[in-house]
Structures are given as structure tokens and as C-alpha cells.
Amino acid sequence: MSGQSEVYSATKNTLFSKNSDPSPSNTHALTLEWVYGRTPSLPVLALQDHDQQVVLYAAANVGVIYNHTSNSQHILQGHSQNLSSVCVSDDRRWIATADPSPMAIVWDSYSGIPVCTLFHCHPKHGLTDMAFSRDAKYLVTLGAGDTQQHVCVWDWTGDIQTPLCCSELNPNHGLQRHILFKSSGSEFLSCSQTHVLLYTLDQNSLSYCALRLRKGGAVDLRFPTSCYSICAADGALVQTAFHWREPQVLTATAGGSVVVWDLSKGMTTTKGLTNVTAIHLQQAPFTAMSVTDSCLVTGDAEGVVKFFSQNFLLLAFYSDLVQDPISSISLSSESTAGYLVHCPTYKKQVLIRNFIVSSTGSSVLHVNSESAEAQSVLQEEPEPIHALCCHPSLPLLVTGSSGGMLKLRDMCSRRTVTQREFKQEEGLTCVTYDPSGKLLAVGFSSGSVDLLDSSSLRTNPEQEFHLSKDSINLLSFSDDSLYLAAADSGFAVSVLRRVSAGAPWEILGRHRSHYSPIQSLLFGLQLDSTLPRLLSLGLDRRLVEYDLELHSGLPVLSCQRVEQRAVPLGMTWYPPLSTEQFLLICSDQYKLRLINSTTHMCRRVVHGPVYGSPLQRVLVLQKTQEDQSRNYYMAFITQTMVGLQVLPADGNPFKSQALVCHPSGVQTLSASFDGTHVVTSGGADFTARSWSVSTEALDAAAALGGSGMEPFYSMLDGGRDGTFYKEVEDLFYYLQLRHQGIDTEHRRHVSTTIPLNHVSTMMRAIGFFPTEQEIEDLQNEVKFSRYAETGQYVMELCLEDFIKLYVNHRPAFGLVKEELQEAFNLLRGDQENMERSALLQMIQSQGEAMTEDEVLQSFSSLLDLNKDQDSPRSSKSFLPSEVSVETLAQILGFSDRPPKT
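Note that this is a predicted model, so its numbers are computed, not measured. (Residues numbered from 1 in each chain as written. Predicted model: local features only at pLDDT ≥ 70, side-chain atom pairs only at ≥ 80, totals over all residues. Heavy atoms only, no water.)

*Asks:* Now, about the pattern of salt bridges: what can you tell me, with residues and values included?
*Replies:* For the coordinates displayed, the defined rule picks out 17 salt bridges. Here Glu-506 ties to Arg-497 by a salt bridge, and the two come within 3.4 Å at their closest N and O atoms. A relative accessible area of 36% places Glu-506 in the partly exposed class. By relative accessible area, Arg-497 is classed as buried at 11%. Between Glu-563 and Arg-593 there is a salt bridge, with its nearest N and O atoms 3.0 Å apart. Here the residue Glu-563 occupies a position in the loop between β48 (556-561) and β49 (568-573), and Arg-593 occupies one in strand β51 (residues 591-596), the gap between them amounting to 30 residues. Arg-593 shares its class with Glu-563; the two are buried. Several salt bridges converge on common partners, so that one network encompasses Glu-380, Lys-407 and Arg-409. (Salt bridge = Lys/Arg side-chain N within 4 Å of Asp/Glu carboxyl O. Buried < 20%, exposed > 50% of the residue type's maximum accessible area, 1.4 Å probe, protein only. Helix = DSSP H or I, 4+ residues; strand = E, 2+ residues; numbered from the N terminus.)

Set out below in C-alpha cells:
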């Protein structure tokens, strides 16, 4: 039928047949292509088990449908925070994912399409667990509040964005963690460490009663508290479920027992509970529990999975699966995925289904219940991935975890080629390939650096170096692979050297060249030479270059302060887009600064991408041989996002795109040798991600933003037709009159430019007050803009060039009162206010000191003091005897809100 929806027409085989398209069209600059790792605290759920093995699991803020048979993934993207819950319907058709924001999304597992989004499910405390009803019509969600929890039932198939009913839980019942529906009817339950809550959904109302374990207690039938108790000597409750046939609730405990709560047909009277029994089944604590349509399934702390009959007779026993405690068990929903076993009590056969089991360690196994054969589905260590690097000439990726596991992965086949575990070290912190791809340098938190063979990951004992007592944070090879530099958390740089290829490595020297953490470590080539040069950049704003020509020691060749107020966060070599060689530096003020690599002069400042937080790290992608365009592309990461920027950088906001990749923080960034993929790691979220790069999509988006001056006009308040632009235009032409003389009687020369030395006056007139150093950088940017090509200075600029200069140099968020408050707190110390004399003394003696005349002139202009009034030179009446931050904010015109950028 034409016009039929993809969800309606989808089948079990639709999803991965759609993903097998060999030439998919990327409409985004970055497309998530593969996810390494998973969230170990959430379960791995079985979706298909007959023709192919398909599982669902969470990986940070995405859900992953993984087809183990074809080794392919379909990624469910839509959350901006790490997932807090994931569940599937009984027929495995519908998937629900939720995050603490709180937001829940329902997906069609056959097509991978989101069909419903529930916003603000539990707005106060977030969402911790959820479950579908057996017919998948309802979705029940469980809030995450420690002192106030709510349970809500949603009719997600309708159009209403409000819950069908909601109930607030008594905090004395403990923090409820798990929730699930009964196999039939409208009843469901949840479980804490001390209580089991049983809920009844009656039309649009929700009621519940509580079952509690209490030491030394008999059955308590008091009503209306509806709280029933049994001796709790067997420990805390772990998980609970409805019996598959009888009116009972089964609860596994941490003491190896199963509590059986016998229920009559109703749960609203004192006769609702007929019997409570605790059956001790084993010594090992239960850690997971589930039920099928014919038996009880448990997992314990020793990694054993057991199947029990209705009378708790052991039907099947699976040991030697994993060495860690079982965290989740998911049974196949297909009747053919399992085998029948005879139950002597009832003289009939019971179906033992195949299942997916995950442990608290790295194991996720598919177990054939009949043969007891366990097949590894996923093998990812639940450890933060702190280090990764792409091979310089092959589609290979190496990752390192904090636990010391180093893995070499094939980015095409998505398989692990080889791996090695470093048990003697505290943890891997950084890795990098040499330019030839033959060596792999690995840094450790113990201060050691190992040089490995990049194929086998083996170490020559002579290539193990202990460089520092501090953790190694950065590693970098020179272009000729003869030097290796390492930066540690002690703010020092160490260099290893070898005389020629194949020669042994030796320590050249170590220098503590910074007094704040080192952010970047780069090798380059000296001008008109093939000799290497080494530079480091720290949070102390210092750019340090080292002398590598000495046979021993590591002296500093030069040290330059590259920022005045901003803090540099990352550095890379700018691509050869001009005859000069530049360093590109990103700062916490959302600026990109181009520094001449030889003179260290600031040659350009542009407005960088603004995506929630400043750029943390940048790298220029390699161009393929087929790409002959002039444009280069730069990948970057912020605190939680990954993005792409078109170079040359000019401040155009439409030349960049970014999206959330690791909500809990991006750890590091690397790019493939051909520039077609970018890889990020999330550290604390246990995942790494491979992103496909589409430069065509980014170029198309940049073109939609407009050409010429259109993007820059859009950055002005009101655009080109706004009041602000008209004021800028009037001031621009007024400066021309002022330059030629206001009272002149000579014929004026009509011009479209203003002299360079008037640019600072123009900036201050429109509300941007740069420091003297910033004025010098601003003027140098214009003055030397064409010097390399023409050999001449630029001493004038037109209105369009001025607007570009203004939007690139002004603060990203304008003048805000919080910055003034922070500066005022540093100046006043422990005093509530500052004395006038002390403030004036600081202005005239510290930082870029002002003369007394400049101070008087500035305050007279700010307060609009007329010359006819008493001169402030003698009385200083423009300031009270004690100055507060509110007084300064009023004088300087600071706003409480950042302006639109």
C-alpha cells in the first residue's frame, strides 16, 4: 500500500537490511557510526534469538541495537543525558529509553524509529526505572527521588502528554529501584531493599500496598497500613517478580533465599495476603532474578545461573559462565530458542529458554540452554577509556582504559585485533602513534612511558622509561620519529631521543617549564629546515619552545605569554592556507587566536564556536588525495560535545556544527588518517565513539547561512536593519568627519574608510572596551593582514571590515555583572566594600596602569559630568568614600544578562 508508514510495514528483518545500504547519504556533518563499550549498570536485553542474535544495551546517552550475527549496530539517538533506564515489551517490538532530565522515548525495534516522546516525566528528581505492560499499551515510570518518589502510568499510544494516573510513595518504604507489570491484568510491582510494593491500576486511579521484611516479626495484617512482614534474616531484597501461574510474588534476597508472598485474587482487603514463606535455596547471594512462563531464573554473586520449577526444584544449572556477579538475565521470547526438560513433580515438560547474561565485569554472553554453550556477545571492560589514537596510515584504533587494558581495533570490521593488559601499572592515561605507524607510545599514571610494537603491542624491556613521579598526560612524536615528548601532571616536559631509526632510545632531558597544567604538546619543523621544534602550552598562558639541538638537557629556547585575560585550552598547527606558519589556539573566552609561529605575534582573533562550553581540544583533519578543495576542516571537542569547523576560520557562526557525544564529559579526541572519521572517548561513561565526517553536509549548511557579510550582520543585535547597525554606521562616518576636522571650512574628501588608529575609539563608542594589549593585537591584525602577500601595511579599513573585527574581538557574552563581581572580590579581600582611595590607587598602579588624568577623564565620561560642574580633580566626587560592586556595576553599565550573540 502506497503511503504506508515505515513503522506499520516494518518486520524483524527491516532494521538491519536498511542499515546494510552500502552508500548511505549523510545529511549531518558528523554521524555516529559505531559505539565501543556499554553502560555496565544497565541490563543487556535479548531482542532476537532464532535466525540471528540481536541484543539491546545502553551506552552513555544512546541505546544500541546490536546484531551479533552480522556484527552491525543501529544506534538510538535522542537523549542529551546518560540513560538511566532501558526496557522492552514482552513481544520485543517496543523499546523504551529514559534519562534523568527526565525524558522517555519509545522506539519501534523493527525500524529503529522513535514513535513517542514523553517530556518531563518526573521533573523534580528524574526517572530511575520503567516497564511496559504485557500488552504494551501502558508504560509505567518510577521516579528517582530519595525522599519523594512517584510512580506514573502513561498511555503512550495516545496523544496526551500527561500521565494516566500517578501516585506518591511513602518514603518509609525505601528507595524503589525495579518495577515491572504482571503477565495479565493491570497489576504491577516495584522493589526496594526492604519493601515490595504492589500496585493496582483501576481505570484512571492507582493504589498500592506494601510488603515489608522485618526482623523477628510475624505476619502483620493491620489495615489500612497494608504492611505485611516476615523475618528478614536473609538480607536485603534484590529483585522481585510475579509468579507465572499462581497468585504469588517472588522476591530474591541477598542471603540466597526467595520470599514467596501468596496473594488472593484481590489486594484491597486484609484477606489479600494468605501466606508468606522464605525458602533458602543457596549460600551465595542472589544478584538477579527473572521469570518465564514456566520457571524461575536466578543469577548470583558467583556467576551461576539456575532455573527452578514452581516447587523450587532445580531444573537447570549453568556455572563456569562468568567469574563476576551476574547483573542481568534476559530470556529469549521465541519459543524455538530453548529446550524442554521433564519436571517430575507435575509429570510434564518445562521450557528452558536460551538467555543473555551480563556480569558486573566485562562479559555479555549468549547461552544455549540445551548445550550450555556460551558465546561471547560483547567483551568490553567496564572501565573508563582515558586514551585513544588512530593509526597514521591504516584504519586502526587503539584504546586504553584506566584499568590497564590496551586494545587494538579494526575500524572497518569493528573487531578487536589484539589486546594487552598492563597489570603492573596504575592505569593508561594516553597513547600515540609515531608518524610511521610502527611504534606506539603508552603513558601511565605512574609516570612511566612504554614504547610498543604497534602490531603486536609487545614491549622491548629496553624501551620502558620512568620519566616522572607524576602521571603522564600528553605524548607527541616528531615528524621524523626521532623524538618523543611527554608532559606530566607535575607541569614538566620530558623528551626521549634516538640518533637514527632502529637505534635505542635515551632520555634527553626534563624541564618544569610551566606552573599550571600543560594543555598541548606539539612538534613542528623549523622554517627553511627539516629540524624539529617542540612547543608546549599551559593554563599559565605560556607558550614555551625547547632547544632540541643539545646532546643533553632540555633548556628553554623561548617563553611567550599568548593571552592576557583568557586561558588557553588547546593548540594545533594551522593548515597552510597562507604563506605564514600559524599556531591555532582556543581559549576559555570562545576565541580562536592565530599566532605567528616564529615571531609569536598575534595575527588574528576570531569568534569560535559557542556550544555550551569553550573548545577543549582541536585538531585539523587530514585531506584525502581526492579532495582538492581549498577548504580544510577542524574537529573539536567541548566539555560534552564534538563538532566540525570549516577553515579558514573567520568567525562565521554557520561554518561549524556540533552535537552531544558524552554528556558526562569528553575525555579525548582523535581522527583517522584520511580525515573521514573522528573518534571520541567519554572516560567516566565507559564508551568510545566513531563519527563519520561529511564535509559536504557542513559546506551546505554554511552556504545556507548566507554569503559575504550576511552571517556577520546576523551576529549584530537586530541585524543589518536594526538600530544598533544604524548607530555603528553613523559613528563610523562621524569618525571620518572628526579625522578631517569638525570645524574645518575646507572641502571634505568623501571616503569609505577610517584610519587604523581610530579603530579603538570606534570600538569604545559602541560599548566594547578592549585593553591596551587587545588594541595592539587588533591593530596588528589589520596592519599585517596583507603584508605577506604585498609587503605593505594596511592602515585603513572599511565599515564591513570593522564589523567583522568587532564581532570577532568583542566578548562572546558581552559584559556581565558576574565577571565584575569576581574581579571585585579579588580586589577587596575580606572587606565588604573598598575604600575609594584604595580603588583609585589600584587602577593607577596595577595591570595596565592608568594615569590620574585618564582616570578622571574616564569617570567623567561614564558619569556624564559637565565641565561647568565642580571639577572631580579636586573633590573626587564621582566616587563615594566606600565603593561597592553595585556602585561600579551601575557606573560601568554592566548588565545582569548576556546579550544575544
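On we go.
*Asks:* Explain a nonpolar patch on the surface to me, using residue names and the numbers behind them.
*Replies:* Together, Tyr-787, Tyr-793 and Met-795 give the surface a local cluster of nonpolar side chains, amounting to about 320 Å² of exposed area. With respect to the helices and strands, Tyr-793 occurs in the loop between α8 (787-790) and β61 (796-798). (Patch = residues over 30% accessible without salt bridge, like charges linked within 9 Å, V, L, I, M, F, W, Y side chains within 5 Å. Areas by Shrake-Rupley, 256 points an atom, 1.4 Å probe, with all protein chains shown as cover.)

*Asks:* Quick one: what's the story with the sheet that holds strand β11 (residues 139-143), residue by residue and with numbers?
*Replies:* With antiparallel pairing, four strands are arranged side by side in an open sheet as β10-β11-β12-β13. A strand with exactly one partner marks an edge of an open sheet, and here the two such strands are β10 (127-132) and β13 (165-168). Strand-to-strand, the axes of this sheet are offset by a mean angle of 15 degrees, without reference to chain direction. Here five bridges tie β10 to β11, and the two strands are oriented antiparallel to one another. Its bridge partner being in β11, Leu-127 is matched across the sheet by Gly-143. (Pairing = 2+ DSSP bridges. Axes fitted to C-alpha atoms, helices over the stretch in contact; angles between N-to-C directions.)

*Asks:* Give me the environment of Gln-736: which residues, what numbers.
*Replies:* Residue placement: Gln-736 occurs in helix α5 (residues 723-740). For Gln-736, a relative accessible area of 9% corresponds to the buried category. C-alpha of Gln-736 to C-alpha of Ser-751: the two residues are 15 residues apart in sequence and 7.7 Å apart in space. Among residues more than four places away in sequence, those in contact with Gln-736 are Ser-751, Thr-752, Thr-753 and Ile-754. (Contact = heavy atoms within 4.5 Å.)

*Asks:* Talk me through the pairing of strand β14 (residues 178-181); I want residue IDs and the actual numbers.
*Replies:* Burial along β14 is one-sided: the residues Ile-179 and Phe-181 are buried and none of His-178 and Leu-180 is. Judged from the four bridges that link them, β14 and strand β15 (residues 187-191) form a sheet pairing that is antiparallel. Residue pairing in the sheet places Ile-179 in a bridge with Ser-190 of β15. Linking β14 to β15, which pair antiparallel, is a turn of five residues; within it Gly-185 sits at a positive phi near 80 degrees.

*Asks:* Hey, could you go over the sheet that holds strand β30 (residues 355-359) for me, with residue numbers and the actual values?
*Replies:* Read from one edge of the open sheet, four strands run β27-β30-β31-β32, paired in antiparallel fashion. Edge positions in the sheet fall to β27 (326-331) and β32 (373-379), since each has one partner strand and no second. On average, each strand axis in the sheet is tilted by 20 degrees relative to the strand beside it, whichever way the strands run. Here β27 runs beside β30; their pairing, made up of five bridges, is antiparallel. Within β30, the position partnered with Ile-329 by the bridge is Val-357.

*Asks:* Residues and numbers for the environment of Leu-827, please.
*Replies:* One can find Leu-827 in helix α10 (residues 817-828). For the pair Leu-827 and Ala-838, spaced 11 residues apart in the sequence, the C-alpha separation amounts to 9.5 Å. Sequence-distant contacts of Leu-827, that is, excluding residues within four places in its chain, are made with Met-834 and Met-842.

On their own, these measurements won't tell you what the molecule is for.
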